[in-house]
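Topology and contacts: notes
Okay, here's what each chain looks like letter by letter:
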Number of protein chains: 2
Amino acid sequence: LDAAAMAQTRELQARLTKPAGSLGELEELSVRLSGLAALSPPPMLEPAHLAIFAGDHGVHAQGVTPWPQEVTAQMVANFLAGGAAVNALARQTGVAVTVVDVGVAADVPGADGLVSAKVRAGTRDMTVEPAMTRPEALAALEVGIATANALVDGGARVLLTGDMGIANTTASAAVISAFTGRDPGVVTGYGTGIDAPTHRRKVEVIERALALHGPAWGGDPHTDPVAVLAAVGGLEHAALAGFILGAAARRVPVILDGVIAAAAALTAAALAPSSRDAMIAGHESVEPGASVALSQLELNPLLSLGLRLGEGTGAVLAYPVVAGSVRVLHEMATFDSAGVASKDEHKQ
Amino acid sequence: LDAAAMAQTRELQARLTKPAGSLGELEELSVRLSGLAALSPPPMLEPAHLAIFAGDHGVHAQGVTPWPQEVTAQMVANFLAGGAAVNALARQTGVAVTVVDVGVAADVPGADGLVSAKVRAGTRDMTVEPAMTRPEALAALEVGIATANALVDGGARVLLTGDMGIANTTASAAVISAFTGRDPGVVTGYGTGIDAPTHRRKVEVIERALALHGPAWGGDPHTDPVAVLAAVGGLEHAALAGFILGAAARRVPVILDGVIAAAAALTAAALAPSSRDAMIAGHESVEPGASVALSQLELNPLLSLGLRLGEGTGAVLAYPVVAGSVRVLHEMATFDSAGVASKDEHKQ
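Residues numbered from 1 in each chain as written. Chains lettered and ligands numbered in written order. Predicted model: local features only at pLDDT ≥ 70, side-chain atom pairs only at ≥ 80, totals over all residues. Heavy atoms only, no water.

**Observations concerning the overall build of chain A**
Short version of the rule: Working definition: helices are DSSP H or I runs of at least four residues, strands are E runs of at least two. Numbering for both runs from the N terminus. Within these notes, the globule rule equals 2.2 Å times the number of residues to the 0.38 power, and the radius of gyration is based on C-alpha atoms. To sort residues, take the accessible area from a 1.4 Å probe on protein chains only and compare it with the maximum for the residue type: under 20% means buried, over 50% means exposed, and anything in between is partly exposed. By the convention used here, residues are in contact when the closest approach between their heavy atoms is within 4.5 Å. Positive: Lys, Arg. Negative: Asp, Glu. His and the chain ends are not part of the count. In this description, the location of a charge corresponds to atom NZ of lysine, CZ of arginine, CG of aspartate or CD of glutamate.
When helices and strands are tallied, chain A shows 14 helices and 6 strands. Relative to the compact-globule value of 20 Å for 348 residues, chain A shows a C-alpha radius of gyration of 21 Å, a close match. Buried residues in chain A amount to 64% of all 348 residues. Counted over contacts in chain A with a minimum sequence separation of 6, partners at least 24 positions apart contribute 74%. When the 22 basic and 34 acidic side-chain charges of chain A are each reduced to a single mean position, those positions are 3 Å apart.

In structure tokens form, the structure reads like this:
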């Protein structure tokens, strides 16, 4: 973060026609975005682009969700046809959508808005063997980095994370447990809506997977974050971590969606701690793992609407707040320019 | 609220391609909006229109704020020139802006986007006499009703509240204290940023005004809400209460901004309890009176961003969430139409 640009934006905030500090979280956000861009004011955050990374999960075989695996591919088709929740909300807030097949089990036919970059047709079952080999995890990371670069080259000034993958809250909880050291029981939620027996099984599955693979990274997951990702992550988690790293490298902010993004963000921060500077937590997911991860990353979510859908819905809803925080710097008058009297301290 | 339309929207929500309940607060909001419109799905919430009601306050003479009174008129000019925070944020979220002079002390020259409807040039000092006569308060209420009707006739499908008036957090706290029975010390905040001695004076000014006028409504402010409004309210509070009543009468939702809107909403609900059905609390203001008022109205604010600016900024930022909650009903595919398998309860 560039300290000079941040100081300049703080000084500009004080001259804009509003009481000091009255825009609350938007003011600090605009200062951080200035630091990221090393420019005051930072560039307007438009166009905005959401990438939805889709992948399947071998751990689905363990009965961690009542949804059939085919739903991943079916929802990819739904995104491409514009009929999912995230499509409607993205139209509301003016965000473009790209779908990236980084690991869907089924074949996904080519279509407008689809990037076909399948690394493999779903991960392996983490309770039996590592979900990915190290080369596979790295290849998926590269897909995410390349996606970020392509979108920024295409003009995007802010990126948003989206995801689709039946069973991916299981992989997310495993990754979050590994990186935070918190028990699986604490970071595992009810995902898209499971019953209590399924939840118990889900926690037990994650415990088994971490017991099996934990020795690979000894006591410290930060010594080899890719080992954690390969063992218990998903192809979309790897791609999302790369997407975040790619955005940070280009000094472009990335708005995180929910628990899948939070797991990927922990991975990205473990690989490159400074990537945290580019991360904005869009919302507070209902999933407990999301809060644990954001807290470790010291990120405060902007919205809290009880969402637990994924797809990027929370990031898309947060976008106007983030973009608005920068827009005021560009478009507001100053006390001088507007001829508005400022607070008279003598009269207090 | 129309129960049949609400039931129909609940049933539609269950068929859309997402896990049941996963859109959190947006789902219940869409159900309530269906009840208000008596239609499922309710109409898309566009175009959206913000009305900023501006007025001055005689109680300014009591030293409740360090800002000079001229700032009200200067900020009106700033709104009309498009240079205030609310203008920038309204451009971000696609909301049109109208300014209504219902009681600015200074002359406000005519301009595009301005409605000149001055009832009087600022209120009287509530510590000395009632801020308004009853006819003045009713005239200002009528200005708000007429504004709502004109905007809805012009096509608006959702209205947003905005306000400008130096010292209007003092009038707001007095109105909120009267309608909720909570002590002035509990509902009075730091407004746009005052120091501790000014805050003590502000509380004491409100206590004096309520002691002077309280006998006019005996023990129960709900028997004569206009008496409360006239005694300690502002012209913009009266107009906002009318604006809310006008929206409710047209079955059009109205997104409330901060503490000034909350005081007006209490007044509207005292006059016509069913007007509450049309109210949506846009955000949780830093002002303590706002939370007290919303809690009495049983309204949950959508956003919590530490805002304390007013103007309508919080309402404008909440607009995409509200509009998005309805848009998903119109634009999302159902499990059947998209060929997406639903959750298999047998596998759980």
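Moving on from the model shown.
**Observations concerning the pattern of salt bridges**
Selection criterion: The term salt bridge refers to a side-chain nitrogen of Lys or Arg lying within 4 Å of a carboxyl oxygen of Asp or Glu.
Under the counting rule described, the total for this entry stands at 26 salt bridges over all chains. Note that Lys18(B) is salt-bridged to Glu27(B), the shortest N-O span being 3.0 Å. For Lys18(B), a relative accessible area of 3% gives the class buried. A salt bridge links Lys118(B) to Asp101(B); the shortest N-O distance between them is 2.9 Å. You can see Lys118(B) sitting in the loop between strand S3 (114-116) and helix H5 (134-153) and its partner Asp101(B) sitting in strand S2 (residues 95-103), a full 17 residues away along the chain. Residue Lys118(B) is classed as partly exposed on the basis of its relative accessible area of 32%. One continuous salt-bridge network, built from bridges that share partners, spans Glu46(A), Arg327(A), Glu331(A) and Arg91(B).

**Re the domain arrangement of chain A**
How large an interface is tends to be reported as the accessible area lost when its parts come together. All names here are of chain A. Threshold: These domain limits were set by an automatic method or by a database of domain assignments. When two components associate, each loses some accessible surface as probed by a 1.4 Å sphere; the sum of these losses over both components is called the buried area.
Parsing chain A into structural domains produces domain 1 (3-42 + 330-347) and domain 2 (48-324). Put simply, the middle of domain 1 and the middle of domain 2, counted by C-alpha atoms, are 35 Å apart. Domain 1 puts 9 residues into the contact, and the matching count from domain 2 is 14 residues. Taken over both partners, the interface formed by domain 1 and domain 2 buries close to 870 Å², and the fraction arising from carbon and sulfur atoms is 64%. Three residues stand out in domain 1 for area buried against domain 2, namely Leu 29, Arg 32 and Leu 36, and they jointly supply 62% of the buried area on that side. Remark: the boundary between domain 1 and domain 2 carries 0 salt bridges.

**Some remarks on the interface of chain B and chain A**
As a reminder of what qualifies: Within 3.5 Å is the distance limit for a polar contact, defined as a pair of N or O atoms, with the added protein rule that one can donate a hydrogen and the other accept it, and that residues adjacent in sequence qualify only through two side-chain atoms. Classification convention: Asp, Glu, Lys, Arg as charged; Ala, Val, Leu, Ile, Met, Phe, Trp, Tyr, Cys, Pro as nonpolar; all other residues, Gly among them, as polar.
In this complex, chain B contributes 61 residues to the contact, which on the side of chain A involves 61 residues. Both faces combined, the contact of chain B with chain A buries some 5,200 Å², and carbon together with sulfur accounts for 61% of it. Taken together, the connections running from chain B to chain A amount to 2 salt bridges. In this structure, Glu331(A) and Arg91(B) form a salt bridge, with 2.7 Å as the shortest nitrogen-oxygen distance. Put simply, chain B and chain A have 17 residue pairs in polar contact (both at pLDDT 80 or more) between them. For the side of chain B that touches chain A, the secondary-structure elements that each account for two or more residues are helix H2 (25-37), helix H3 (70-81), helix H4 (85-93), helix H8 (196-213), helix H13 (313-331) and helix H14 (335-338) of chain B. When residues in the side of chain B that touches chain A are grouped by element, the largest group, 9 residues, is from H13(B). Class assignment of the residues belonging to the side of chain B that touches chain A gives a composition of 31 nonpolar, 19 polar and 11 charged.

**Quick look at the sheet that holds strand S3 (residues 114-116) of chain A**
Paired through backbone hydrogen bonds, the strands of a sheet run either parallel or antiparallel to each other. Residue and element names in this part refer to chain A. For clarity, the threshold we go by: What makes two strands pair is DSSP finding at least two bridges between them. Simply put, an axis is a line fit to the C-alpha atoms, just over the touching stretch for a helix, and the angle between two N-to-C directions goes from 0 to 180 degrees.
Taken together, 6 strands build an open sheet; the order of strands is S3-S2-S1-S4-S5-S6 and the sheet is parallel. Across the chains shown, the open sheet's two edge strands, defined by having one partner strand only, are S3 and strand S6 (279-281). Direction aside, neighbouring strands of the sheet carry axes that sit 30° apart on average. Of the pairings in the sheet, the one linking strand S4 (residues 158-164) to strand S5 (residues 254-256) comprises 2 bridges and is parallel in character. In the strand pairing of S5, Leu 159 is matched with Val 254. On top of the sheet, helix H4 (residues 85-93) reaches strand S1 (48-55) and strand S2 (95-103); it is set at about 145° to S2, its chief contact.

**Brief notes about the relation of the copies chain B and chain A**
Selection rule: For the least-squares superposition of copies, only C-alpha atoms count, and only for residues with pLDDT at least 70 in both.
The transform that puts chain B on chain A rotates by 180° and translates by 0.0 Å along the axis, for an RMSD of 0.0 Å. Taken together, these values place the two copies in the relation of a two-fold axis. Residue Leu303(B), judged by its C-alpha, is the member of chain B lying nearest the rotation axis, at 3.1 Å. Same-surface contact between copies: 100% of interface residues of chain B are shared with the interface of chain A.

**Description of the nonpolar core**
Quick note on the threshold: We call a set of buried Ala, Val, Leu, Ile, Met, Phe, Trp, Tyr and Cys residues a nonpolar core when their side-chain atoms join them within 4.5 Å.
Leu160(A), Ile255(A), Leu302(A), Leu160(B), Ile255(B), Leu302(B) and Tyr319(B) are the most contacted members of the largest nonpolar core, which has 106 residues in total. Once residues within four sequence positions are removed from consideration, Leu160(A) is found in contact with Ala48(A), His49(A), Leu50(A), Ala51(A), Val95(A), Phe243(A), Ile255(A), Ala315(A), Val316(A) and Tyr319(A).

**Section: the pairing of strand S1 (residues 48-55) of chain B**
Residue and element names in this part refer to chain B. Most of S1 is tucked away: 8 of the 8 residues are buried. Of the two faces of S1, the one carrying Ala 48, Leu 50, Ile 52 and Ala 54 and the one carrying His 49, Ala 51, Phe 53 and Gly 55 are both buried. Summarising the sheet, S1 and S2 pair through 8 bridges and their orientation is parallel. The residue bridging Ala 51 from the neighbouring strand is Thr 98, located in S2.

**Structural notes on the sheet that holds strand S6 (residues 279-281) of chain B**
All names here are of chain B. Spatially, the 6 strands line up as an open sheet ordered S3-S2-S1-S4-S5-S6, and their pairing is parallel. Every other strand in the sheet has two partners, leaving S3 and S6 as the edge strands with one partner each. Sheet twist, expressed as the mean angle between neighbouring strand axes with direction ignored, is 30°. Examined bridge by bridge, strand S5 (residues 254-256) and S6 share 3 bridges and lie parallel to one another.

**A few points about the packing of aromatic side chains**
All names here are of chain A. Counted only if it meets this: Between the rings of Phe, Tyr and Trp (Trp by its six-membered ring), a pair exists once the centres lie within 6.5 Å; its type follows the angle of the planes, with under 30 degrees stacked, over 60 edge-to-face, and the other angles tilted.
What the rule picks out here adds up to 4 aromatic pairs over all chains. Look at Phe 53 and Phe 243: their rings are 5.2 Å apart centre to centre, the planes differ by 70°, and that puts the pair in the edge-to-face class. Pair noted here: Phe 53 is in strand S1 and Phe 243 is in helix H10 (residues 235-249), with a separation of 190 residues, a long-range link. Like Phe 243, Phe 53 is buried.

**Comments concerning the packing of helix H11 (residues 259-271) of chain B against helix H12 (residues 288-297) of chain B**
Packed helices, taken two at a time, are described by the angle between their axes plus the distance between the axes. Residues and elements named next belong to chain B. Convention followed: We call two directions roughly parallel when the angle between them is under 35 degrees, roughly antiparallel when it is over 145, roughly perpendicular when it lies between 65 and 115, and oblique otherwise. Two helices cross in a left-handed way if the nearer one is turned anticlockwise from the farther one by less than a right angle. They cross in a right-handed way if the turn is clockwise.
The interhelical angle for the contact between H11 and H12, taken along N-to-C directions, is 30°, at an axis separation of 8 Å. The orientation of H11 with respect to H12, classified from their angle, is roughly parallel. The handedness of the crossing between H11 and H12 comes out as left-handed. Contact residues: Val 259, Ala 262, Ala 265, Leu 266 and Ala 269 in H11; Gly 289, Ala 290, Ala 293, Gln 296 and Leu 297 in H12. Residues that form the contact of H11 with H12 fall into these classes: 8 nonpolar, 2 polar and no charged.

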